[in-house]
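The lines below spell out each chain.
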Amino acid sequence: MAGKDDMKERMVELKKQESSDADAQKRKRSDDKRDEKLMAKAEEASQKPVVDTEKEAGSPAIRTEGPVGLDVGTSHIIVAQNEKNYINTVKQLNAFFTIPISKFAKSILAKNDVLFFEQDNLFYIIGNSSEDFANMFNTDTKRSIKKGILSADEQEGITVIQAIVQSVIRKPKQFGETLCFTIPGDPLEGTGSVVYHESIIKRFLGTMGYFPISINEGMAIVMSELSDDDYTGIGISMGGGMCNICLSYLSFPVITYSFQMAGDYIDSMVGISVGEHATKIRTIKEEELDLLKEPKDRIITALHIFYDNLIKNLLDSLQRVLSSTDKIPMISKPVPIVLSGGTAMPNGCKEMFAKALKNYKLPVEISSVILAEDPLNTTAKGALIMAMTEAQQG
Amino acid sequence: MNASHVIIFSADRLRTGITQKVLKRAGIESLSVNRILAAREAIVDNVPRVVIFDTKGISRDEINSLRNLCRFFREIAVIVLGDRSIVDTFGVDTFEGEGVQEGCCLADPFDPELIASKVKEILSSKAKEKRLHGDGLESDLKQFLKLD
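So, here is what we can say about the structure in this document. Source: prediction; values computed, not measured. (Residues numbered from 1 in each chain as written. Chains lettered and ligands numbered in written order. Predicted model: local features only at pLDDT ≥ 70, side-chain atom pairs only at ≥ 80, totals over all residues. Heavy atoms only, no water.)

1. Some details on the overall build of chain B
In terms of helices and strands, chain B carries 6 helices and 5 strands. Counting the 148 residues in chain B, one finds 45% classified as buried. Relative to all contacts within chain B whose residues are 6 or more apart in sequence, the contacts with residues 24 or more apart total 74%. If you sum the accessible surface of chain B, you get close to 7,700 Å²; carbon and sulfur atoms cover 50% of it. (Helix = DSSP H or I, 4+ residues; strand = E, 2+ residues; numbered from the N terminus. Buried < 20%, exposed > 50% of the residue type's maximum accessible area, 1.4 Å probe, protein only. Contact = heavy atoms within 4.5 Å. Areas by Shrake-Rupley, 256 points an atom, 1.4 Å probe, with all protein chains shown as cover.)

Take a look at the structure:
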């Protein structure tokens, strides 16, 4: 009899186990559904076109609703927001120009909707307006970020960034809204603390009422452009102050680093070589340069030379970093390289990169070199996709 | 697949994340821990079917603790990951004659797809065993209780 009772108890236990397994299965199915939904939403956002808006003088900052992507770059600060059928980005120049305080200047600035603030007996003209003033005084604007990180030369750097960010976004409608901002990778050479840069920006965004998270710039490119490749590949952001590189495997940033040579390097080296202002070189680079065509004058020739030089240095660094790490997992198929950022924009840059790549043997096989759909806004879009993903997980 | 059936011990968050993601794609949920004590507790509490020990970036003492921990597993399959010079030391003395039911060493380079296929292989062979064992027990019970 006792034996029979034992058997009955074991049967009950078996049934209980079965029902608990069924509950667990149900929970798992619901989690899976949520994850699938989350990925679907992020993928859907990555397919949306970007509608780019230049920040107009006098136009109010956006009151954000929903997750926000923020690209804090050397030359621009770009905000991305998810709209129904598109991604909306708003751009502001990340630069400033100072003039001495005077009542007259103040009234002129206010009348012309110029963005400025007062500090230490100076007016700080910030954003797009600063370039007009610099041109007027036949000089260059100052930058709060140098080579990708907060400039040690400009003590007001963070105040300027705060003012510029506040000119494009206001406090969120909902306190604690997720905002994902971009940070560079650790510099391969040179100095500068990414930790300090990241913490300072995080603190400030936190005081604005956001829940700030950071994403590596190269990773943001992968998030924006490589959804069809399972977020596996190499994202390279070729910006003004630096290039940011990230090897991502299934959306995990396996290798990240920055290389402190980019658009500004080309401008200044070409400027030095041909005896012209870097600003003039930049204008020619942005408006005329076609790297697929034979150069027709010495400035264009010099631009070809230094583009080639930058790409070779970048690939040298990539080979060195990828070959000296044991972090890279076995990747069963070749991965793409995505180029993005203003420096990757001239026609022929992608082809020049792909041609140079043939001379390198990387530990990861490369399937193709592609140019991001909208190179200037890719990073902000990638940050937005990350913010959307994190907001849903939270 | 219940998450507690596979436990991953690793001090490397990136490798943990990648392994979990690849396992998930193969339909296998997993739990992860990054400290030895937590690993021990998780194993005792959950009695998993597979434990993955990643020796990458852990101290010599932790490696010794893992080696000792392995010796007590009778029903658990163990997969050791990491540098060849370390994972090789887990081979003979740990898995043979010490009672570990099953074990294998996968030296770096880190190969998440291979890990997932090993786990899948182990789980399917265990599921087959369980089914055979479970069917027998259930039919015995039904027969005994005259429920057929």
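2. What about the overall build of chain A?
Helix and strand content of chain A: 11 helices and 16 strands. Within chain A, buried positions represent 49% of all 394 residues. Intrachain contacts of chain A at a sequence separation of at least 6 include 69% that bridge at least 24 residues. Carbon and sulfur atoms provide 50% of the accessible area of chain A, an area that totals close to 19,400 Å².

3. Some points on the sheet that holds strand β16 (residues 366-371) of chain A
What links the strands of a sheet is backbone hydrogen bonding, and the strands pair in either a parallel or an antiparallel sense. Residue and element names in this part refer to chain A. In space, the 5 strands of this open sheet follow the order β14-β13-β12-β15-β16, with mixed pairing throughout. Of all the strands in the sheet, just β14 (252-259) and β16 have a single pairing partner and so form its edges. Direction aside, the axes of adjacent strands within the sheet are offset by 15° on average. Pairing of strand β12 (residues 233-238) with strand β13 (residues 243-249) involves 6 bridges; the strand directions are antiparallel. Across the sheet, the residue bridging to I234 is L247, located in β13. On top of the sheet, helix α6 (residues 217-225) reaches β12, β13, β14 and β15 (335-340); it is set at about 120° to β12, its chief contact. (Pairing = 2+ DSSP bridges. Axes fitted to C-alpha atoms, helices over the stretch in contact; angles between N-to-C directions.)

4. Some thoughts on the pairing of strand β2 (residues 68-72) of chain A
Each regular strand shows side chains that alternate between the opposite faces of the sheet. Residues and elements named next belong to chain A. Of all 5 residues in β2, 5 are buried, a share of seventy percent or more. Burial along β2 is two-sided: V68, L70 and V72 and G69 and D71, pointing in opposite directions, are all buried. Relative to strand β3 (residues 76-82), β2 runs antiparallel, the two being bridged by 5 bridges. Pairing of G69 across the sheet is with A80, part of β3. Between β2 and β3, which pair antiparallel one after the other, the connecting turn spans 3 residues. When β2 meets strand β10 (residues 177-183), the two strands line up parallel, connected through 3 bridges. Paired with G69 across the two strands is C180, which belongs to β10.

5. Some points on the packing of aromatic side chains
Think of a pair of aromatic rings as described by two things: how far the centres are apart, and how the planes are tilted against each other in angle. If you walk through the whole model with that rule in mind, you get 6 aromatic pairs over all chains. Ring centres of F116(A) and F123(A) lie 5.3 Å apart, and the angle between their planes is 80°; this geometry places the pair in the edge-to-face category. Relative accessible area serves as the criterion here: at 24%, F116(A) is assigned to the partly exposed category. Owing to a relative accessible area of 1%, F123(A) belongs among the buried residues under this scheme. Ring centres of F9(B) and F53(B) lie 6.1 Å apart, and the angle between their planes is 75°; on these two criteria the pair is classed as edge-to-face. Taken together, the residues span a long stretch of sequence, with F9(B) in strand β1 (residues 6-9) and F53(B) in strand β3 (residues 50-54) at a distance of 44 residues. (Phe/Tyr/Trp six-rings, centres within 6.5 Å; stacked < 30°, edge-to-face > 60°.)

6. Section: the nonpolar core
Counting residues in hydrophobic clusters, the biggest one holds 67 residues, and the most contacted among them are I52(B) and V119(B). The dominant element in this core, judged by the number of residues it contributes, is helix α9 (residues 298-323) of chain A, at 13 residues. In this view, V119(B) contacts V6(B), L23(B), I28(B), V50(B), I52(B) and I79(B); residues no more than four positions away in its chain are not counted. Counting residues in each nonpolar core, the second largest holds 29 residues, with I126(A), A163(A), L179(A) and I201(A) among its members. (Core = buried A, V, L, I, M, F, W, Y, C linked by side-chain atoms within 4.5 Å.)

7. Here's the deal with the side chain of N244(A)
Residue and element names in this part refer to chain A. Along the chain, N244 falls in strand β13. Residue N244 is classed as buried on the basis of its relative accessible area of 0%. If near-sequence neighbours (up to four positions away) are discounted, N244 is found in contact with P184, G185, N216, E217, G218, G235, I236, S237, Y257 and S258.

Note that all results are geometric; they support no functional claim without further evidence.
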